[in-house]
Amino acid sequence: MRRFRWWIGWGVMLFVLVLVGIFVFTGPSTPPGPIERPGPPGTGPLTIVSMGDSTLSGEGAGSYTVDTNGANGDWCHRSPNATVEKTDVPGIVEKVNLACSGAPAAQVGLGDTRQWTEPSQAGQLAELVKTHRVAAVVVAVGANDDPHFSQLISQCFQAWFVSGNAPCRTTIAPTWQQRVDAMVPKVVSALGDIKTVLARAGYEPEDYQLVLQSYAAPIGPGIPANLQNLNGCPFRTEDLLWVVNEGVPVLSRGLASAAAQAGARFLDLSRAGLGHEACSGGADPSTEWFSRLTLQLNDLADADRAGHAIQESFHPNANGHAQFGRCLTEFLATSGPAAACLKGQDGNLHPAAAVTAG
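Bear in mind the structure is a predicted one, so any value in this text is a computation, not a measurement.

Thresholds applied
- Residues numbered from 1 in each chain as written.
- Predicted model: local features only at pLDDT ≥ 70, side-chain atom pairs only at ≥ 80, totals over all residues.
- Heavy atoms only, no water.
- Helix = DSSP H or I, 4+ residues; strand = E, 2+ residues; numbered from the N terminus.
- Buried < 20%, exposed > 50% of the residue type's maximum accessible area, 1.4 Å probe, protein only.
- Areas by Shrake-Rupley, 256 points an atom, 1.4 Å probe, with all protein chains shown as cover.
- Phe/Tyr/Trp six-rings, centres within 6.5 Å; stacked < 30°, edge-to-face > 60°.
- Lys NZ or Arg CZ within 6 Å of the ring centre and 35° of its normal.
- pLDDT = per-residue confidence, 0-100.
- Contact = heavy atoms within 4.5 Å.
- Expected span 1.5 Å × (residues − 1).
- Bend = angle between axes of the 7 residues up to and from the residue.

Novice: Tell me about the overall build of the protein chain, and please be specific about residues and values.
Specialist: Of regular secondary structure, the protein chain possesses eight helices and seven strands. Out of the 358 residues belonging to the protein chain, those deemed buried represent 49%. Entry remark: accessible area of the protein chain is about 16800 Å², with carbon and sulfur atoms responsible for 58%.

Novice: Could you give an account of the packing of aromatic side chains, with specific residues and numbers?
Specialist: Per the counting criterion, the structure on display carries seven aromatic pairs. When the ring of tryptophan 160 is compared with that of phenylalanine 161, the centres are 6.1 Å apart and the planes differ by 50°; the resulting orientation is tilted. Pairing tyrosine 203 with tyrosine 208 gives two aromatic rings, centres 6.1 Å apart and planes at 75°, and the pair type is edge-to-face. Each member of the pair, tyrosine 203 as well as tyrosine 208, carries the same accessibility label: buried. Here a set of aromatic residues connected by ring pairs shows up, and it is made of Phe157, Trp160 and Phe161. Over the aromatic face of phenylalanine 331 sits the side chain of arginine 265, whose NZ or CZ is 3.8 Å from the ring centroid.

Novice: Outline the confidence of the model for the protein chain, listing residues and values.
Specialist: Model confidence for the protein chain is summarised by a mean pLDDT of 87, while 86% of its residues fall at 70 or above. In the model, residues 1-35 has pLDDT below 50 throughout and makes three contacts with residues more than four positions away in sequence or in other chains.

Novice: Any chance you could break down helix α7 (residues 237-262) for me, citing the residues and the numbers?
Specialist: If you check α7, its first and last C-alpha atoms are 37 Å apart, about what 26 residues at 1.5 Å a residue would give, namely 38 Å. Helix geometry: α7 is bent most strongly at valine 243, by close to 45°. Trailing α7 by a residue or two, glycine 263 shows a phi angle of about 75°, which is positive.

What follows is the structure in structure tokens.
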């Protein structure tokens, strides 16, 4: 009891001293202003982090780190040319890429799901914040869940390869919306886990930006006939039209919904690659922002690597990642809840004020 009274007595005295201090330094008519937080808590360099799947790992951009290019079964394919590496945000000192090619939402969130031997990305983030001050987290995830976007591309390739097969859109389109709808709560959960990790580390929502980005169409109908085959892009024109006009926009709208439900910002890339899709440059592939059909012949001689010989195909290449990094940098400097990366008059991507998908 005495201890309690001692604490109350000192508490009252401290309260009086605080009031006196406020009166002396601010005057009787000036209330104390809000305390501005200095940014992300903790110690270490100010950092931007990318999480998710191949779109952010750098699949298709080449020069993969040794530890993610098949070593011990790790095929995450992280590249120094990936989007996060091409950002230039004032004050950011370090860029950390946790994304892994093929990752589903469950591996991005907390839990026991692994991708190419790697544990939870949110779990990796929890370790990172012990030594880094995270100012921004950009996420690309969902395509490897119910939509199985990479399998969609494979189905469209098979439809071209076997002349008797129907266009891939005839089997995919009827259930596409339902598959996207089933994906949404999984993405919301993964984003929620990322927020939980940061909250446990003492972060307030205003300490960092959480951005969910969508996917750009890697292929489109503007392919020269001499490349609409195994020389570059073996797809039927009607399937290419469906991917650009329906498949990718529906996927992007689903991700926009997930971002809104999770309280994340949203960057729409659904139209970011228009005019720069794989094979669109014809004889000049330097104008393209996506890889064409890519076969690593040397991998075919290695049983452990043969199954990954075409893994890089139809992903953003180094040029594409540079453009996405430019748009992301500019988006992080704005305050709106959403924007769309669209090509400006200078030929580069910039964030437009409104989402334009579909």
